[in-house]
Amino acid sequence: MNIDEILDRIYPLPDSSKLSLKESIEEVSYPKNFSLMESGKFVPFIYFIKKGIVRAYASAEEKDITFWFGSEGEPVVSMKSYVENNPGYENIELLEPCELYKLKTADLKQLYNEDIHIANWGRKFAERELVKTEELIISRQFKTALERYKDLMSTKPDLLKRVQLGHIASYLGIAQVSLSRIRAEIK
């Protein structure tokens, strides 16, 4: 997905503002299993996925718990680093070789001060990230693993073909054998 499409999905910008924002963005590529972000470390960048899949996870009791997947067109951001300039709590691992757009947070915040359209784009960006977080929390609290799996099937069906079952089971909060039962039940 190209950067214009990604930026417009967040909030349409006038051409001059989009050009200013794009001047601060660079393309980078990393291999599968690359650690894009590590918990306890400040992350001075926001990324947008051009191609590939990533997962966010936290480590607890000697196991990793996946709580988010990102794919083409989605932002990858440590909100704690972005908002508070503090180390984040998440780990971000690339599940495939990835092509990303990289934006330095300090450059973006400078653009907020210079261009009201980019500032509004940034507000919409933060609002969308907040809504995604709310949806994730509500899903975890009120939906069964089967319902969460069906949601994943309807919203991100490509993930089910591209992500290891162990990561999907972790995301659903169940054992891999339970995921196998859910998958069999749905077929």
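Residues numbered from 1 in each chain as written. Predicted model: local features only at pLDDT ≥ 70, side-chain atom pairs only at ≥ 80, totals over all residues. Heavy atoms only, no water.

## Points about the environment of K50
Selection rule: Each helix is a run of DSSP H or I of at least 4 residues and each strand a run of E of at least 2, with the numbering of both proceeding from the N terminus. The cut-offs for exposure are 20% and 50% of the maximum accessible area for each residue type, with area from a 1.4 Å probe on protein chains only; residues under the lower value are buried, those over the upper are exposed, and the others partly exposed. Here, residues are in contact when the closest pair of their heavy atoms is within 4.5 Å.
Relative to the assigned elements, K50 resides in strand β3 (residues 45-51). For K50, a relative accessible area of 22% puts it in the partly exposed group. Here the alpha-carbon distance between K50 and E5, two residues 45 residues apart in the chain, equals 10.0 Å. Setting aside anything within four residues of it in sequence, one finds K50 in contact with M1, E27, E72, E99, L100 and Y101.

## What to know about helix α1 (residues 3-10)
This is how it is decided: Working definition: the arc comes from the directions between the helix axis and the C-beta atoms, pointing outward to the latter. Polar contacts, as counted here, are pairs of nitrogen or oxygen atoms within 3.5 Å of one another; within protein the pair requires one atom able to donate a hydrogen and one able to accept it, and residues that are adjacent in sequence qualify only if both atoms are side-chain atoms.
Regarding α1, the residues found buried are I3, I6, L7 and I10. One face of α1 carries all of its buried residues, which in axial projection span an arc of 95 degrees. The elements touched by buried residues of α1 are α2 (15-22), β1 (25-30), β3, β8 (98-104) and α5 (116-142). For α1, the side-chain oxygen to backbone nitrogen distance between the N-cap and D4 is 2.9 Å, and the N-cap itself is N2.

## Focus on α5
Let me state the cut-off plainly: One less than the residue count of a helix, multiplied by 1.5 Å, gives the span that helix is expected to have.
Helix length check: α5, at 27 residues, gives a terminal C-alpha distance of 39 Å against a target of 39 Å (1.5 Å per residue), a fit within 8%. Buried within α5 we find I118, W121, G122, F125, E129 and S139.

## Concerning the sheet that holds β1
Rule in force here: Each pair of strands is called paired provided DSSP finds at least two bridges between the two strands.
Strands sit in the order β1-β8-β3-β6 across an open sheet of four strands; the sheet is antiparallel. Two strands bound the open sheet, and with one partner strand each, they are β1 and β6 (75-76). Across six bridges, β1 lies against β8 in antiparallel orientation. In the sheet register, I25 faces β8, and the bridge partner there is L103.

Distances and angles like these do not, on their own, reveal function.
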